[in-house]
Amino acid sequence: MASRVRATNTEMVSPAVGLEARLRVLEQKVASLEPRVPQDRVSLMVFSWELDRILAAFAIATGAAALGYQTSMFFMFWGLAGLRQKRVVTGKRVREGLVALLAPGNSKQLPMSRMNFFGVGARMLRGMMRDKHVASLEDLMRIARRLGTRMVACETSRDVMGIRDDELVEGLEFGATAGFLADALHSRVTLFI
Amino acid sequence: MASRVRATNTEMVSPAVGLEARLRVLEQKVASLEPRVPQDRVSLMVFSWELDRILAAFAIATGAAALGYQTSMFFMFWGLAGLRQKRVVTGKRVREGLVALLAPGNSKQLPMSRMNFFGVGARMLRGMMRDKHVASLEDLMRIARRLGTRMVACETSRDVMGIRDDELVEGLEFGATAGFLADALHSRVTLFI
Amino acid sequence: MASRVRATNTEMVSPAVGLEARLRVLEQKVASLEPRVPQDRVSLMVFSWELDRILAAFAIATGAAALGYQTSMFFMFWGLAGLRQKRVVTGKRVREGLVALLAPGNSKQLPMSRMNFFGVGARMLRGMMRDKHVASLEDLMRIARRLGTRMVACETSRDVMGIRDDELVEGLEFGATAGFLADALHSRVTLFI
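So, here is what we can say about the structure in this document. (Residues numbered from 1 in each chain as written. Chains lettered and ligands numbered in written order. Predicted model: local features only at pLDDT ≥ 70, side-chain atom pairs only at ≥ 80, totals over all residues. Heavy atoms only, no water.)

1. Considerations on the relation of the copies chain C and chain A
Alright, step 1. When chain C is fitted onto chain A, the two copies agree to an RMSD of 0.0 Å after a turn of 120 degrees and an axial shift of 0.0 Å. Within this description, the copies of the chain are treated as partners about a three-fold rotation axis. (Least-squares fit on C-alpha atoms with pLDDT ≥ 70 in both.)

2. Topic: the sheet that holds strand S5 (residues 189–192) of chain B
All names here are of chain B.
Alright, step 1. The strand order across the open sheet formed by five strands is S4-S3-S2-S1-S5, and the pairing between neighbours is parallel. One side of each edge strand has no neighbouring strand; the edge strands of this open sheet are strand S4 (173–175) and S5. Strand-to-strand twist across the sheet, computed as the mean angle between neighbouring axes with direction ignored, equals 20 degrees.
Alright, step 2. The pairing of strand S3 (residues 150–154) with S4 spans three bridges and is parallel. Bridge pairing in S4 places Val-152 opposite Glu-173. (Pairing = 2+ DSSP bridges. Helix = DSSP H or I, 4+ residues; strand = E, 2+ residues; numbered from the N terminus. Axes fitted to C-alpha atoms, helices over the stretch in contact; angles between N-to-C directions.)

3. What about the side chain of Thr-71 of chain C?
Alright, step 1. For Thr-71 of chain C, the location among the structural elements is in strand S2 (residues 70–75).
Alright, step 2. Setting aside anything within four residues of it in sequence, one finds Thr-71 of chain C in contact with Val-42, Ala-61, Ala-64, Ala-65, Gly-148, Thr-149 and Arg-150 of chain C. (Contact = heavy atoms within 4.5 Å.)

4. Side note on the interface of chain B and chain A
Alright, step 1. Contacts between chain B and chain A engage 42 residues on the former and 42 residues on the latter.
Alright, step 2. Here chain B meets chain A over a buried area of about 3700 Å², counting both sides, of which 71% is carbon and sulfur.
Alright, step 3. The tally of links between chain B and chain A comes to seven salt bridges.
Alright, step 4. With its nearest N and O atoms 2.7 Å apart, the salt bridge here joins Glu-20 of chain A to Arg-22 of chain B. (Buried area = accessible area lost by both parts, 1.4 Å probe. Salt bridge = Lys/Arg side-chain N within 4 Å of Asp/Glu carboxyl O.)

5. Description of the pattern of salt bridges
Residue and element names in this part refer to chain C.
Alright, step 1. By the definition in use, this model includes 66 salt bridges over all chains.
Alright, step 2. Across the pair Arg-158 and Asp-159 runs a salt bridge, and its minimum N-O distance is 3.1 Å.
Alright, step 3. Arg-158 gets classed as buried once you look at its relative accessible area, which sits at 15%.
Alright, step 4. According to the relative accessible area criterion, Asp-159 is partly exposed, its value standing at 36%. (Buried < 20%, exposed > 50% of the residue type's maximum accessible area, 1.4 Å probe, protein only.)

6. Some remarks on the pairing of S3 of chain B
All names here are of chain B.
Alright, step 1. Counting buried positions along S3 yields four of five residues, so the element is predominantly enclosed.
Alright, step 2. In this structure, strand S2 (residues 70–75) lies alongside S3, joined through four bridges in parallel fashion. In the strand pairing of S3, Phe-75 is matched with Ala-153.
Alright, step 3. Traced from S3 through helix H8 (residues 155–161) to S4, the parallel crossover comes out right-handed. (Right-handed = clockwise from strand over helix to strand, strands pointing away.)

7. Some thoughts on the sheet that holds strand S3 (residues 150–154) of chain C
Residues and elements named next belong to chain C.
Alright, step 1. Spatially, S4-S3-S2-S1-S5 is the arrangement adopted by the five strands of the open sheet, whose pairing is parallel. Strands with a single pairing partner mark the edges of an open sheet, and in this sheet they are strand S4 (173–175) and strand S5 (189–192). The average angle at which neighbouring strand axes cross in this sheet is 20 degrees, direction not considered.
Alright, step 2. Sheet topology places strand S1 (residues 41–46) next to S5; four bridges connect them, and they run parallel. If you follow Val-42 over to S5, its bridge partner there is Val-189.
Alright, step 3. Against the sheet, helix H3 (residues 51–66) engages S1, S2, S3 and S5, with an angle of about 160 degrees to S2.
Alright, step 4. Seen against the sheet, helix H9 (residues 177–184) touches S1, S2, S3, S4 and S5 and runs at an angle of roughly 145 degrees to S1.

8. Remarks on the interface of chain C and chain A
Alright, step 1. Counting residues at the interface gives 42 residues for chain C and 42 residues for chain A.
Alright, step 2. A per-residue breakdown of the area chain C buries against chain A is headed by Arg-114, Met-128 and Arg-188 of chain C, which together make up 18% of the total.
Alright, step 3. Applying the counting rule to chain C against chain A returns seven salt bridges.
Alright, step 4. Two residues, Glu-34 of chain C and Lys-29 of chain A, come together in a salt bridge whose shortest N-O distance is 3.7 Å.
Alright, step 5. On inspection of chain C and its partner chain A, the count reaches 15 residue pairs in polar contact (both at pLDDT 80 or more).
Alright, step 6. Broken down by secondary-structure element, the contributors of at least two residues to the side of chain C that touches chain A are helix H2 (15–33), H3, helix H6 (120–131) and S5 of chain C.
Alright, step 7. At eight residues, H2 of chain C tops the list of elements feeding residues into the side of chain C that touches chain A.
Alright, step 8. Partitioning the side of chain C that touches chain A into residue classes produces 26 nonpolar, five polar and 11 charged. (Polar contact = N/O pair within 3.5 Å; in protein donor to acceptor, adjacent residues only side chain to side chain. Nonpolar A, V, L, I, M, F, W, Y, C, P; charged D, E, K, R; others polar.)

Right under this line is the structure:
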């Protein structure tokens, strides 16, 4: 009771004191919310090497980048193994060479996730996209780079599979899962593809 | 040093002036955070046509919609190709007709993503769900519609695969990837299924 | 017009009244934003039972937990069916027993999502990870538990597939899709794996 009377007195003497206290509380609350409010970023974890799924990933990534969002794609496991410009087999351990042999040698060799029929499905999809004048995967990759999309290769995946850096497409950064999280934790959209 | 003295003087003369400046800063900060704070929305990108995955998508979507979240499902590629009520083959280009022939003709024909065994797996799952009185896919689709879940068909996927609008289930909107992003960027949960 | 004059008068008499009104508006705005600002959480929906995908899920989960984020993994359908420590077939309905027979009996039996070659692929991956001293799935599961990662089993999946609790690995909670959503709606990262 006593304290309530005192508070009332203070406010009568100087209303600004009560306001200052409320303002301070609000400033602290906003300061605590701020780091958890997403930034204008989009983060994609690309785990797949299939043409259809990679196309979806780049369609979303270029769309977000075109809207002005800082977009990053993290390529893990099959996602990284499929991101080659060439295939190196010699000079590797047996299992690593086998992975290189079995993985798609470049983007033109990516299979479909369904209805692949030994590559016929992927060729069919590319033909249908051409017929409708839809940007090809290679177009989308170029657009993504031009729009500043970050393409990050998972270091652990690279090391485990023994992929050499010169096997991979140009313009990749290298990073760990913690790097993906550092982006994703501040992103407005996060997808595992 | 001089400016600090002046500031102190000002506050002594009128404490409200200092408060007003702080309040203005805070108002601007909140105004800049506001558009990045997620709204009460959930956005699902449905890329798959398998019964098990579509069931997961609709279970999450109806759950979110029942909790009062504005829920949208964006059906891309296989996700769209599997959302048929009938199958039209004639009058299409060869490749488009082939896609229609190979795609599930309606929701009852959706395969499993694993253990399909030429459809036996999907029938088994439906039987096990019936045994335990769990809502079927068709039930969930009806519930989703009743709860106002937006179901958006990817226009590019439709055009590339040559799917006719009357082949698809009722109640779909049509939109581009940018439309998915417009929802997803303001959503509290975003998933690629 | 009259009200504007009055407002101006009030501000002249006491500037604090105008500030108080603005402060109140801002307090209400922040209060309405607060519940929608993500908390320091990460939520993964694990739908898959393949070694490579489960490894990705636990790599992300342990990474997030190590950074101090409250991390939860929700195991649905195949994700749950693969989370066994043993396999019980007898005393079940025919279809339930069949699921148990066909599902991996424990984490060592998880297949690959691609290039499985009847289990050779999975053994190869485990060997390559050992060669590079990368934590195994079993290591990651132990780390996840030690870091307090919540592992939630989907009750509907368990009931539909007739999985007995003692078939599943230790330390699982049980929950419904609404439980996943309750976490995911407050998470900074949400992924469907």
